[in-house]
Amino acid sequence: QVQLVESGGGLVQTGGSLRLSCAASGSIFEINVMAWYRQPPGKQRELVAMVIRGGSVDYADSVKGRATISMDNAKNTMYLQMNSLKPEDTAVYYCDATLRVSAFRGPSDYWGQGTQVTVSS
């Protein structure tokens, strides 16, 4: 059983910062990709940032220059540091992981329960 647990969301003023965490636990053999998605009110879920095994990262244009994604491989924990927050960053932020639970199985996709980020104007 694999669990992803997000934390760090909350209410912040425009221009403020937040650090989101996503801890993966359970029977994990290898994490291939971890990513942050967000779903603003009334809109579709969108990719915010991703980190690939080996260290490559990518960001949505809307957060480039304001977000930093990182991964602590020893702790199976991913972080998202977001600065200069804007009201349009308001959303539920979800953690996503593509991982293998054993050497004999291919990768599967797992999601966290989400954490609310609200940026007040």
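Everything below is about the structure shown above.
As a starting point, this report considers the structure included with it.

### Side note on the overall build of the chain
- Scanning the chain from terminus to terminus reveals zero helices and eleven strands.
- For the chain, the sequential pattern of α-helices and β-strands runs β-β-β-β-β-β-β-β-β-β-β.
- Relative to the globule expectation of 14 Å for 121 residues, the C-alpha radius of gyration of the chain, 14 Å, shows essentially globular dimensions.
- Reported as C-alpha extents along the three principal axes, the dimensions of the chain are approximately 50 × 25 × 25 Å.
- Counting the 121 residues in the chain, one finds 39% classified as buried.
- For the chain, long-range pairs separated by at least 24 residues make up 55% of all intrachain contacts whose partners lie at least 6 apart in sequence.
- On the chain, roughly 6500 Å² of surface is accessible, and the fraction owed to carbon and sulfur atoms is 48%.
- Each charge class in the chain was averaged separately, 11 positive and 10 negative side chains, and the resulting centres sit 2 Å apart.

### Structural notes on the pattern of salt bridges
- For the coordinates displayed, the defined rule picks out six salt bridges.
- Here Arg53 and Glu30 are joined by a salt bridge, their closest N and O atoms 3.6 Å apart. Linking Arg53 in the loop between strand 5 (46-52) and strand 6 (57-59) with Glu30 in strand 4 (residues 30-39), this pair joins segments that are 23 residues apart in sequence.
- On the basis of relative accessibility, which here comes to 55%, the residue Arg53 falls in the exposed class.
- You can call Glu30 buried: its relative accessible area is 17%.
- With a shortest N-O distance of 2.9 Å, Asp89 and Arg38 are connected by a salt bridge. Of this pair, Asp89 sits in the loop between strand 8 (77-82) and strand 9 (91-100) while Arg38 sits in strand 4, and the two are 51 residues apart along the sequence.

### Overview of the nonpolar core
- Of all hydrophobic cores here, the largest spans 28 residues; its most connected members are Met34, Trp36, Met78, Leu80 and Tyr93.
- For this core, the secondary-structure elements that each account for two or more residues are strand 1 (2-7), strand 3 (18-26), strand 4, strand 5, strand 7 (67-72), strand 8, strand 9 and strand 11 (115-120).
- Among the elements that line this core, the one with the most residues is strand 9, at five residues.
- Discounting residues that sit within four places of it in the chain, Leu80 has contacts with Leu18, Arg19, Leu20, Trp36, Val48, Ala49, Ala67, Thr68, Ile69 and Tyr93.

### With respect to the side chain of Arg100
- Structurally, Arg100 is set in strand 9.
- A polar side-chain atom of Arg100 sits 2.9 Å from the main-chain carbonyl oxygen of Ala103.
- Those residues in contact with Arg100 that lie beyond four places of it in its chain are Ile28, Phe29, Glu30, Asn32, Arg105, Gly106 and Pro107.

### Side note on the state of the cysteines
- Here the structure, examined in full by the defined rule, presents one disulfide.
- A disulfide bridge connects Cys22 with Cys95, and the sulfur atoms are separated by 1.9 Å. In this structure the cystine formed by Cys22 and Cys95 twists about its S-S bond by roughly -70°; its chirality is therefore left-handed. Placement of Cys22 in strand 3 and of Cys95 in strand 9 is noted, with a sequence separation of 73 residues between them.
- The class of Cys22 is buried, set by a relative accessible area of 0%.

The rules behind each value
Residues numbered from 1 in each chain as written. Predicted model: local features only at pLDDT ≥ 70, side-chain atom pairs only at ≥ 80, totals over all residues. Heavy atoms only, no water. Helix = DSSP H or I, 4+ residues; strand = E, 2+ residues; numbered from the N terminus. Rg over C-alpha atoms; globule rule 2.2 N^0.38 Å. Buried < 20%, exposed > 50% of the residue type's maximum accessible area, 1.4 Å probe, protein only. Contact = heavy atoms within 4.5 Å. Areas by Shrake-Rupley, 256 points an atom, 1.4 Å probe, with all protein chains shown as cover. Lys, Arg positive; Asp, Glu negative; His and termini not counted. Charge placed at Lys NZ, Arg CZ, Asp CG, Glu CD. Salt bridge = Lys/Arg side-chain N within 4 Å of Asp/Glu carboxyl O. Core = buried A, V, L, I, M, F, W, Y, C linked by side-chain atoms within 4.5 Å. Polar contact = N/O pair within 3.5 Å; in protein donor to acceptor, adjacent residues only side chain to side chain. Disulfide = S-S within 2.5 Å.

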